[in-house]
Every structure is written in C-alpha cells, then in structure tokens.
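Fold and geometry: a report
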Amino acid sequence: MSEHYDAIIIGGGHNGLTCAAYLAKAGRSVLVLEAAAQLGGLGATREFAPGYRASVAHTLPQLGRQLVADLDLEGHGFRLANASLPTIALGQDGRHISIGDDSLLGVSAQDEAAYGNYRALLQRFAAALNPFWHKCPPMVGSRGVKDMATLGQFGWKLRTLGRRDMREIMRMMFLPAQDLMDEYFENPLLKAALSWDANVGSKLAPRSPNNAVLALLYRMSGDIGGDLPLPAGGVGGLIEALAASAGKHGAELRIDSAVSRVLLEDRRACGVELANGDLVSASTVVSNADPKTSFFKLLGARHLDVQFTHRINRLRTDGLVAKLHLALDGLPTITGLERPDGRMILAESMQAIENAFDRAKYGDFATQLPMEVVIPTLHDPALAPEGKHVLSALVQYAPCRVSGGWAGRREAFLEAVLNSLVRYAPAIREQVVAIELLTPEDLEAQFRVTGGHWHHAEFAIDTWWMNRPTYGASQYRTPVEGFYLCGAGAHPGGGIMGAAGANAARAILKET
C-alpha cells in the first residue's frame, strides 16, 4: 500500500463531504472514495431526462448557518433559490390551506388561533433541543466528565422550559400525530398537512405510537431560511459547495471508486481495499454508508461481538417513500390555485394517510397515494429547458419489498401516482415529457442505501441520540478501533443537515 492518508471516508454523500471538509480544514490528509460516477448520493442533482435535472432530496429544512459559515459554502457557490417555501394543503374542491412560517390562511379563526399557540410551543421545544443535534451524544451508563456535562446541559435546557412546558414536552414526545393534531385543530385538511412532517421518511402514519413530535422538532432544526428553504441547483448545489470546500482544504475526492472492504491489522482499521483490488492505507477509516452496509458488507460481522451484530441486524431499514420526477412541457394547473409555487401536500385527511400506510404494511400500495410535491423550476428555471418545468414529489407509501416484486407492479404503482396527481391537476398527464420513478428498491440499488431508507435506519425514540444507531456505536466510534461512522445512521439522523458528518469529524479530531 503505497498511498497513505490520515483518514479515508467511504462515501461522498453530504455527510461524508462535510466530515472530509472539517478534517481537511484541521490539517488532516483526507481521501473520499465514492462508488458512483457523481458525488452527493441522495443529494446529487442528476439529469433524469434530456435538459431536466432534479435531486432525490429537494429541500433543506434542517441545514444550519453554522455549517455554511464554517465551510464557507456561500463562497463556494451555495445559495438558496427560495428562502422559505410555503406549505399548501390541497383540497380536492379547490379550497386550499396556505401554511407559512408564522401564518395560516384558509381555516377558521379557531384553527388560526390554535396554530399560533401550537407553533410557539414547538418553537420553544425546538430551541431547547437544537444544540444537541450538533453535539456528540453521551454514552449510556458513562460517568465521564464530557458525557455527564452533556447530560447536565440537556437536563438544564429542558428545565429552563419551565415546569409546565417541561411536562408537556415529555408528554407530547410519545404522542402519535393523530392525537397531537386532534388536540389542537378541527380542519381535517390542515391536520393531514401538519402531520406530514411527523411521519414522512419513516415507517409511521398518524396513528403510529411515539416520536411524532421528535420528528417535527428535528425537521425544525435548520436556520438558513424559513421552514422550507429550496437550494439553487437542487440539493446538488449544496453538494458542489461542500466538495469545493473539502477540496480547497486539501481533501482528495475520487468518484467511480467503490470500496469492497475495510482492512484490519491487529483488530484495528488500517485502510481499505477497492473493488478494483487497489489497497489504500489510513490511520482512520470513516464510513458514510448505512450501519448494515458499514458493519456487514465493509467490515464483516466476524470482527464484531455477536450481541452487537444482532442489534445492528434488527435496525429497521426498509424505506417506505418513493421519489417521482416529471419532466413537463409547461407549468401544470392546480385546480383553485393561482400559482403552484409552494410545497403542496396531497392528503385530504389523516385517515387517507393511514389507509395508504395500512396497505403498505402488508406489501401492497394504495390507489390514492399521499404525496409532497414541489415544482422547483418556478424558483430555479435552470433545472429545465426554457419554458419547461420539473415536478419533484415524495410519495407515501411505497413498500421496499412489494408483494409480487416491483418488476411486475411498477407500472401499476406509477398509474396510481399519476391518478393521485390528476385529482388536483387534471391536465397534467398531457404535459408529461418524461418520468423517473424511484421506488425504495431503486434507491437501494442506485444509491447503495439498505432498504432505500433515507435515515439509514428508522428515526424513532428507540434509535435516537445516545442509542443511534445502537449503544456501542453511538458516538461515531465503533467497536473496531480506528473505524468510525459519519452517515445518517449515526446521530442525529437523515435529512440534508451535515450534522452527523460534522459531529463525527469533531469526535475523530479529539481522539486521534
């Protein structure tokens, strides 16, 4: 092995690039190895039809100013196409509800007043939790000074909420979205739209117990704009800025460089073997892959304790979200909506969401599918040819392993998706130039994410904070010395945030 680096990072997704940039900025020699022909993973902006571009992830609700400033991402070209998209709950009768950062239109005075109280309470809770998304979590049972200090800070933040709100956050943390929405609101359309962010991306529906509020607070952790920033150039614009920042500080970035295994010497990670047989040595190896890939495919279960491998094997990694991209020859007309320039939620009630979830639980899919739709070209015309548009949609629920297999049921699912869109945009079929549908199975195959799950493992109370992905690997280090995690399977989780990569870099710099 003639090549040697202080750190090798496996995977050039946004967390891997973030980790690389922080390590390189601190003076470490860093090599990023990306298996695909393009950096970015689920955040890469790709041409899915001639002249039409989109990224699987399409907004940045969790991205923070600190990371943008630390890595000078704006100096490397990062910018927003829109600082805060409104959320529009589409009604089939053309009567829609518009939900802004601090405004609500199209509901009763009672729901409007309730929204102000609901929003203020969640903002107080989010402010209390926000610092801890960006810290290394404490270790279960540890009496170390740093771990005790973090626990103390967490307790103090909750205590400063006051007795009433502290009790309330503990109560609400375990509520299903259905109960939370029913406590505050009357309008079924509003409740469905507000429950969306509590469940999207996870194996959850409005009546599922636990962690609805936790997911909402996690989605409220960003501060680069309003609730829903839209990046210029798709999320790939952020990826390009991260890559440029890492490169400026000396990190080497290689594409088409799949890693076949992590090398060990005296039970310590010492480098990697590439798929082409090349060997590269390093003092530290960091995986941006999901935990199952990291421990079973790259490292090998034989190097790990059997109880640890059982816990990793039990992680819930089956995705339930499909991604749809439509190339359109013009701007679609949404019934009753003057201009479709927000994030549109297509779910008439929480029961409709629940019905779709029930079908997916048993390996099937609904004929009417809830979804989140954005037309990014209204804010960023460069993503399509002049006068044309891209529709980007997250579709729930699409089982990772559908009964009968996706090869035989793909067209039926696509037909259900298009029929669901036609209910709100009657002429949209005639505007479609090209279609890209990515089921969880496709996301798994194309982006090397087990189960196609964008959190790499379910985001839930039992796999949160000091137990993410599990104890024994919750502080970015793993049971194998010199081998670390920096991906969405580590704290704090998925979403385009970069916190897992930044936290992992800080942990590595303290320990090596």
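See above for the structure.
Residues numbered from 1 in each chain as written. Predicted model: local features only at pLDDT ≥ 70, side-chain atom pairs only at ≥ 80, totals over all residues. Heavy atoms only, no water.

**As for the overall build of the chain**
Across its full length, the chain carries 16 helices and 19 strands. Principal-axis analysis of the C-alpha atoms places the extent of the chain at approximately 65 × 60 × 45 Å. Of all 512 residues assigned to the chain, the portion counted as buried reaches 60%. Sequence separation of 24 or more characterises 74% of the internal contacts of the chain that already satisfy a separation of 6 or more. Here the chain displays about 19,600 Å² of accessible surface, and carbon together with sulfur accounts for 51% of that area. (Helix = DSSP H or I, 4+ residues; strand = E, 2+ residues; numbered from the N terminus. Buried < 20%, exposed > 50% of the residue type's maximum accessible area, 1.4 Å probe, protein only. Contact = heavy atoms within 4.5 Å. Areas by Shrake-Rupley, 256 points an atom, 1.4 Å probe, with all protein chains shown as cover.)

**Re the sheet that holds strand β14 (residues 321–328)**
Strands sit in the order β8-β7-β6-β15-β16-β17-β14-β18 across an open sheet of eight strands; the sheet is mixed. Each of the sheet's edge strands pairs with one partner strand only, and the pair in question is β8 (104–105) and β18 (432–438). As paired elements, β14 and β18 share six bridges and run antiparallel to each other. From the neighbouring strand, Leu-324 faces β18, where its bridge partner is Leu-437. (Pairing = 2+ DSSP bridges.)

**Re helix α15 (residues 440–447)**
For α15, the complete set of buried residues consists of Pro-440, Asp-442, Leu-443 and Phe-447. Burial along α15 is one-sided: seen end-on, the buried residues are contained in an arc of 155°. Close packing links the buried residues of α15 with β3 (45–49), β14, α13 (406–422) and β18. Arg-448 occupies a position one or two residues after α15 and carries a positive phi of about 60°. (Arc of directions from axis to C-beta.)

**A word on the environment of Asp-364**
If you trace the backbone, Asp-364 turns up in the loop between α12 (350–361) and β16 (371–374). Expressed as a C-alpha distance, the spacing of Asp-364 and Pro-469, which sit 105 residues apart in the sequence, is 28 Å. What Asp-364 contacts, discounting residues up to four positions off in sequence, is Arg-359, Pro-399 and Arg-409. A polar contact is formed between the side chain of Asp-364 and the side chain of Arg-359, at a distance of 2.9 Å. (Polar contact = N/O pair within 3.5 Å; in protein donor to acceptor, adjacent residues only side chain to side chain.)

**A word on the side chain of Asp-290**
Inspection of the secondary structure assignment puts Asp-290 in the loop between β13 (279–287) and α10 (291–299). Although Asp-290 is buried, it forms no salt bridge, and the closest oppositely charged side chain is Lys-297 at an N-O distance of 6.8 Å. A polar contact of 3.2 Å, which involves the side chain of Asp-290, links it to the backbone nitrogen of Lys-292. For Asp-290, the side chain forms a polar contact with the side chain of Thr-450, separated by 2.8 Å. (Lys, Arg positive; Asp, Glu negative; His and termini not counted. Salt bridge = Lys/Arg side-chain N within 4 Å of Asp/Glu carboxyl O.)

**With respect to the packing of helix α3 (residues 109–133) against helix α4 (residues 145–159)**
It is the contact of α3 with α4, at a shortest axis distance of 9 Å, that shows an interaxial angle of 165°. Accordingly, the angle class assigned to the pair α3 and α4 is roughly antiparallel. In this structure, α3 crosses over α4, and the sense of that crossing is right-handed. Residues Ala-128, Leu-129, Pro-131 and Phe-132 of α3 form the contact with α4, whose participating residues are Thr-150, Gln-153, Phe-154 and Lys-157. Per-class residue counts for the contact of α3 with α4 are five nonpolar, two polar and one charged. (Axes fitted to C-alpha atoms, helices over the stretch in contact; angles between N-to-C directions. Parallel < 35°, antiparallel > 145°, perpendicular 65-115°, else oblique. Left-handed = near helix turned anticlockwise from the far one by under 90°. Nonpolar A, V, L, I, M, F, W, Y, C, P; charged D, E, K, R; others polar.)

**As for the pattern of salt bridges**
Counted by the stated rule, this structure contains 26 salt bridges. For Arg-339, the salt bridge goes to Asp-341, with nearest N and O atoms at 4.0 Å. The partly exposed category is assigned to Arg-339, whose relative accessible area is 42%. Its salt-bridge partner being Glu-444, residue Arg-401 comes within 3.0 Å of it at the nearest N-O pair. Of this pair, Arg-401 sits in the loop between β17 (389–396) and α13 while Glu-444 sits in helix α15, and the two are 43 residues apart along the sequence.

**A word on the nonpolar core**
Core analysis: the largest hydrophobic core is formed by 93 residues, its most contacted members being Tyr-118, Leu-324, Met-344, Val-395, Phe-413 and Leu-421. Here the element with the most residues in this core is α3; it accounts for eleven residues. Each residue touching Phe-413, except ones within four places of it in the same chain, is listed here: Ala-322, Phe-365, Leu-369, Val-395, Tyr-397, Ala-398, Trp-406 and Leu-437. Counting 66 residues, the second largest nonpolar core, distinct from the first, contains Leu-17, Phe-78, Ala-246 and Val-272. (Core = buried A, V, L, I, M, F, W, Y, C linked by side-chain atoms within 4.5 Å.)

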